[in-house]
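Single-letter residue listing:
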Amino acid sequence: MRILSGIQPSGRLHLGNYFGMMKPALELQEKGECFLFIANFHALTSVSNPSVLRSYTLEVALDFLACGLDPRRTVFFKQSDVPEVCELTWYLSCVTSMGLLERCHSYKDKVDKGITPNHGLFAYPVLMAADILAYQSDVVPVGKDQKQHLEVARDIAIRFNSQYGEAFVIPEPYIQEATAVVPGIDGQKMSKSYGNTIEIFGDEKTTRKRMMGIVTDSTPMEAPKDPDKSIVFALYSLFATAEEREAMAARYRAGGMGYGEAKKTLFEKYWAHFEPFRRRRAELAADPAEVERILKEGAARARAEACRTLQRVRSLVGVD
Ligand code: ADP
Ligand code: TRP
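All figures in this text were calculated on a predicted structure; none of them were measured in a lab.

What counts as what
Residues numbered from 1 in each chain as written. Chains lettered and ligands numbered in written order. Predicted model: local features only at pLDDT ≥ 70, side-chain atom pairs only at ≥ 80, totals over all residues. Heavy atoms only, no water. Domains from an automatic or database assignment. Contact = heavy atoms within 4.5 Å. Buried area = accessible area lost by both parts, 1.4 Å probe. Salt bridge = Lys/Arg side-chain N within 4 Å of Asp/Glu carboxyl O. Polar contact = N/O pair within 3.5 Å; in protein donor to acceptor, adjacent residues only side chain to side chain. Near = heavy atom within 4 Å. Areas by Shrake-Rupley, 256 points an atom, 1.4 Å probe, with all protein chains shown as cover. Helix = DSSP H or I, 4+ residues; strand = E, 2+ residues; numbered from the N terminus. Buried < 20%, exposed > 50% of the residue type's maximum accessible area, 1.4 Å probe, protein only. Pairing = 2+ DSSP bridges. Right-handed = clockwise from strand over helix to strand, strands pointing away. Disulfide = S-S within 2.5 Å. Nonpolar A, V, L, I, M, F, W, Y, C, P; charged D, E, K, R; others polar. Axes fitted to C-alpha atoms, helices over the stretch in contact; angles between N-to-C directions. Parallel < 35°, antiparallel > 145°, perpendicular 65-115°, else oblique. Left-handed = near helix turned anticlockwise from the far one by under 90°.

Brief notes about the domain arrangement of the protein
Per the domain assignment, the segments of the protein are domain 1 (2-180 + 288-317) and domain 2 (202-273). Here the C-alpha centre of domain 2 lies 34 Å away from the C-alpha centre of domain 1. Listed as interface residues are five residues of domain 1 and, on the opposing side, four residues of domain 2. For the pair domain 1 and domain 2, the two sides together bury roughly 430 Å², of which 81% comes from carbon and sulfur. On the domain 1 side of the contact with domain 2, Leu15, Tyr18 and Phe19 bury the most area, a combined 81% of that side's loss. Counting across the interface, domain 1 meets domain 2 through zero salt bridges. Connecting domain 1 to domain 2 are one residue pair in polar contact (both at pLDDT 80 or more).

Spelled out as C-alpha cells, the structure:
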C-alpha cells in the first residue's frame, strides 16, 4: 500500500495539522510505503517572500522529523525537487473541466474573503491531484478540509484513465473522524489563516498565554459544565487516554472546577506530550545539513517513481 500526504510550508505547524494529518500519516508509516512531502509549490499561492518560504520549508522538515518521521522508512522530500509534477499538472489540466474547479470550497472561501484569485489558486487542486497521482498513491491521510480536493483528484484520475487508458491508481482519502476538525482557540477550525492556532512547538510562555485565552462560556466555577460544549475539553481529549478523558468529563459535570484550572491541565498535558519531540527538534535544528541530506535522498526516490508514471502518461497522450 502506498500512502502519501503533503503539507504547505505556509506558517508554523499547529495542533490541527498534527492531529488532523501528521499523526495519522506517521502512524501509517508502519502499514505501508509512505511518501510525505513539503508542498512548497502550493505555498507560493500564499507566500510571496522567498526567504520566508525557505525558512518555513526548513521548519516544516524539522517538525516532521521531530514528530517521528523515520527517513529510513518514509520517502520525505520537497515537492519542487520533483518538477515532473508540474508537467503532469498540465496533462491533468487538459482533462479537468472549469466547473470542477469552480465548485471547490477552499477556492470559493478565499474569493469570498476578498482575495483576488490568481491562476495558481484556481489550479491548486490540479497540482494536488498531480502530487497524488504521480506516485500511484492508494491512501491519502488528510484533515476534513481536504476531502473535496481528494474527490477532485479521484475525478481527474477516473477521467484520464477512461479517456487515455489506465495510468493512475484511484486514491482513497484517510480521514479520522475524531480528529477531522480540530478547533482553534476561538472555536472555529484551527487554521493558520484564522490566527487561532496553538503551535506544536510554540514557546512555553506564549503557548500558555494562548491556552488561557481559549474562548469559554460564563458558567461560574462551582456550576456543572457540559464537556461536549467546551473547546478546552475537545483539545484535552486529543492528548488524553479514554480513562483520562472520562475522568475529566466527570469533573466538568460535577461542578467545582473552573475553566482556568481545565486550561492549566490542558497546557501541562500538551507540554508533556511534545517534550521528547522538542528535544529531538533542537538536536536536528543544530544540523541543517543532515536535514538537507534526508530531503535530497527522499527526492531521488520520489523522482524515480514520478518518472515512471510520466513515461507512461507521455506515451498515452502522444507526446513521447
Ligand atoms: P491551515 O488551514 O492551517 O493552512 P493546511 O491547509 O496547511 O492548514 O493543512 C495541512 C494539513 O493539516 C491538511 O491535511 C489539513 O486537512 C490538516 N489540518 C489543518 N487544520 C486542521 C484542523 N483544524 N483539524 C484537522 N486537520 C487539519
Ligand atoms: N493541499 C494540502 C493542504 O493544504 C497540501 C497538499 C498538497 C497535499 N498536495 C497534496 C495533501 C497531496 C495531500 C496530498 O493541506
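As for the site of ligand 2
Surveying the vicinity of ligand 2 reveals 14 residues, the closest of which are Gln8, Tyr124, Met128, Asp131 and Gln146. Contact between ligand 2 and Tyr124: a nitrogen atom at 2.7 Å from a side-chain N or O atom of the residue. Contact between ligand 2 and Asp131: a nitrogen atom at 2.8 Å from a side-chain N or O atom of the residue. Contact with the protein chains covers 91% of the free accessible surface of ligand 2, which is 370 Å². Contributing elements (two or more residues each) for the shell around ligand 2: strand E1 (2-7) and helix H7 (119-134).

Describing the pairing of E1
When you tally the buried positions in E1, you get five out of six residues, the bulk of the element. Bridge count for E1 against strand E2 (residues 33-38) is six bridges, and the pairing is parallel. By the bridge assignment, Leu4 is partnered in E2 with Phe35. With helix H1 (residues 15-28) bridging E1 and the parallel E2, this β-α-β connection has right-handed handedness.

Details of the state of the cysteines
Taken as a whole, this structure holds zero disulfides when the rule is applied. With no disulfide of its own, Cys86 lies 13 Å from the sulfur of Cys307, the closest cysteine sulfur. Residue Cys104 stays outside any disulfide, its sulfur separated by 17 Å from that of Cys94, the closest cysteine. Exposure remark for Cys104: the relative accessible area of 1% places this residue in the buried category.

Digging into the site of ligand 1
The environment of ligand 1 is formed by 18 residues, the closest being His14, Asp145, Val182, Ser191 and Lys192. Within the contact set of ligand 1, an oxygen atom lies 2.3 Å away from a side-chain nitrogen or oxygen of Asp145. Residue Lys189 places a side-chain N or O atom 3.2 Å away from an oxygen atom belonging to ligand 1. Burial of ligand 1 by the protein chains amounts to 92% of its free accessible area of 540 Å². Tallying contributions element by element places H1 first for the shell around ligand 1, with four residues. Split into classes, the residues belonging to the shell around ligand 1 amount to seven nonpolar, eight polar and three charged.

Here's the deal with the pattern of salt bridges
Opposite charge on two side chains permits them to pair, given that their charged atoms come into close proximity. Scanning the entire structure with this criterion turns up 24 salt bridges. The residue Glu292 makes a salt bridge to Lys78 at a minimum N-O spacing of 3.6 Å. In this pair, Glu292 is assigned in helix H13 (residues 288-317) and Lys78 in strand E3 (residues 75-78), connecting sequence segments 214 residues apart. Where Arg154 meets Glu172, a salt bridge forms, and the shortest distance between an N and an O atom there is 3.3 Å. Of this pair, Arg154 sits in helix H8 (residues 147-164) while Glu172 is found in strand E5 (residues 172-174), placing the two residues 18 residues apart along the sequence. The partly exposed category is assigned to Glu172, whose relative accessible area is 42%.

Structural notes on the pairing of E3
Neither face of E3 is exposed, since Val75 and Phe77 on one face and Phe76 and Lys78 on the opposite face are all buried. Relative to E3, E2 runs parallel, the two sharing four bridges. Residue Leu36 lies in a different strand from E3, and its bridge partner there is Phe76.

Some remarks on the packing of helix H10 (residues 231-239) against helix H12 (residues 259-285)
Running from amino to carboxyl end, H10 crosses H12 at an angle of 30°, the nearest separation of the two axes being 10 Å. The orientation of H10 relative to H12 falls into the category roughly parallel. Every pair of crossing elements has a handedness; the one defined by H10 and H12 is left-handed. On the side of H10, the interface is formed by Val232, Leu235, Tyr236 and Phe239, while H12 contributes Ala262, Lys263, Thr265, Leu266, Lys269, Tyr270, His273 and Phe274. Across the contact of H10 with H12, the residue classes break down as eight nonpolar, two polar and two charged.

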